[in-house]
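# Overview (structure and organization)
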Amino acid sequence: MQRSLLFLLCAAAPLMAQAADATDNALIERAVRDYIESQHEADPARMERGLDPKLAKRTYWQAADGTEFIMQTDFDAMVKVAKTYNRDGSKFPAQPRVDIKILDVDQRVATVKLSADEWIDYMHLYKNQRSEWKIVNVLWQYHDTARQVNKK
């Protein structure tokens, strides 16, 4: 009897792990979709749901004088972007490109690549104590890196 129970537990363990992985993957994707689709739909509540309040979003940028620097955006700025950037609905195509690749998940941390219409975002997420996946780091660039420069 004990051997049968042990066998069943051993056989079921990989299936339970796959179910947990599928659940985590769905929640990770939801956080990333909240991030990008909140910009498409001008929905700051979705942006807030997907981000950690300590978000650090960065990119490299070239100043008008040619010097390069790291430009940083925080949680509050991204919530404002979600509220205002596409308010008139003209910033994205009717069917925006959203390609999400979950590159790695290890317990409570994940790395994701988001390819959207104009840019690529590499994201780090973590699963908090409420089992919510939150984006805490973003490193991004335009597909056309020549756009990463101040024009003035």
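Residues numbered from 1 in each chain as written. Predicted model: local features only at pLDDT ≥ 70, side-chain atom pairs only at ≥ 80, totals over all residues. Heavy atoms only, no water.

## As for the overall build of the protein
When its secondary structure is counted, the protein shows three helices and six strands. By the burial criterion, 32% of the 152 residues in the protein qualify as buried. For the protein, long-range pairs separated by at least 24 residues make up 50% of all intrachain contacts whose partners lie at least 6 apart in sequence. For the protein, the computed accessible surface area is about 9800 Å², with 53% contributed by carbon and sulfur atoms. (Helix = DSSP H or I, 4+ residues; strand = E, 2+ residues; numbered from the N terminus. Buried < 20%, exposed > 50% of the residue type's maximum accessible area, 1.4 Å probe, protein only. Contact = heavy atoms within 4.5 Å. Areas by Shrake-Rupley, 256 points an atom, 1.4 Å probe, with all protein chains shown as cover.)

## Overview of the environment of D76
Here D76 shows up in helix α3 (residues 75-84). Residue D76 is classed as exposed on the basis of its relative accessible area, which comes to 56%. Once the C-alpha coordinates of D76 and P53 are considered, the two residues, 23 residues apart in sequence, prove to be 8.0 Å apart.

## Thoughts on the packing of aromatic side chains
With the rule as written, the count across this model stands at five aromatic pairs. With centroids separated by 5.9 Å and ring planes inclined at 75°, the aromatic side chains of Y85 and F92 adopt a geometry described as edge-to-face. The class of Y85 is partly exposed, set by a relative accessible area of 35%. Geometrically, the ring pair formed by W140 and Y142 is edge-to-face, given 5.2 Å between the ring centres and 80° between the ring planes. On the basis of relative accessible area, W140 is assigned to the buried category, the value being 12%. Put simply, the rings of W61, W140 and Y142 pair up and form one aromatic cluster. The cationic tip of R147 hangs over the ring face of Y142; the distance from NZ or CZ to the ring centre is 4.0 Å. (Phe/Tyr/Trp six-rings, centres within 6.5 Å; stacked < 30°, edge-to-face > 60°. Lys NZ or Arg CZ within 6 Å of the ring centre and 35° of its normal.)

## Considerations on the side chain of D34
In this fold, D34 is placed in helix α1 (residues 2-40). Here R46 takes part through its side chain, which lies 2.9 Å from a polar atom of the side chain of D34. Leave out the neighbours within four places in its chain, and D34 touches R46, M47, R49 and G50. (Polar contact = N/O pair within 3.5 Å; in protein donor to acceptor, adjacent residues only side chain to side chain.)

## What about the sheet that holds strand β1 (residues 51-62)?
Taking strand neighbours across the sheet as the criterion, the six strands line up as β2-β1-β6-β5-β4-β3 in an open arrangement whose pairing is mixed. Of all strands in the sheet, those bounded by a partner on one side alone are β2 (68-74) and β3 (98-106). The mean angle between the axes of side-by-side strands here comes to 20°, regardless of whether they run parallel or antiparallel. In this structure, β1 lies alongside strand β6 (residues 133-142), joined through four bridges in parallel fashion. (Pairing = 2+ DSSP bridges. Axes fitted to C-alpha atoms, helices over the stretch in contact; angles between N-to-C directions.)

## Some words on unusual backbone geometry
The phi torsion at Q107 lies on the positive side, around 60°, for a residue other than glycine. Checked against the element boundaries, Q107 lands in the loop between β3 and β4 (109-116). Take Q107: its relative accessible area is 65%, and that puts it in the exposed class. Notably, S131 is not glycine yet its phi reads approximately 65°, a positive angle. On the basis of relative accessible area, S131 is assigned to the partly exposed category, the value being 44%.

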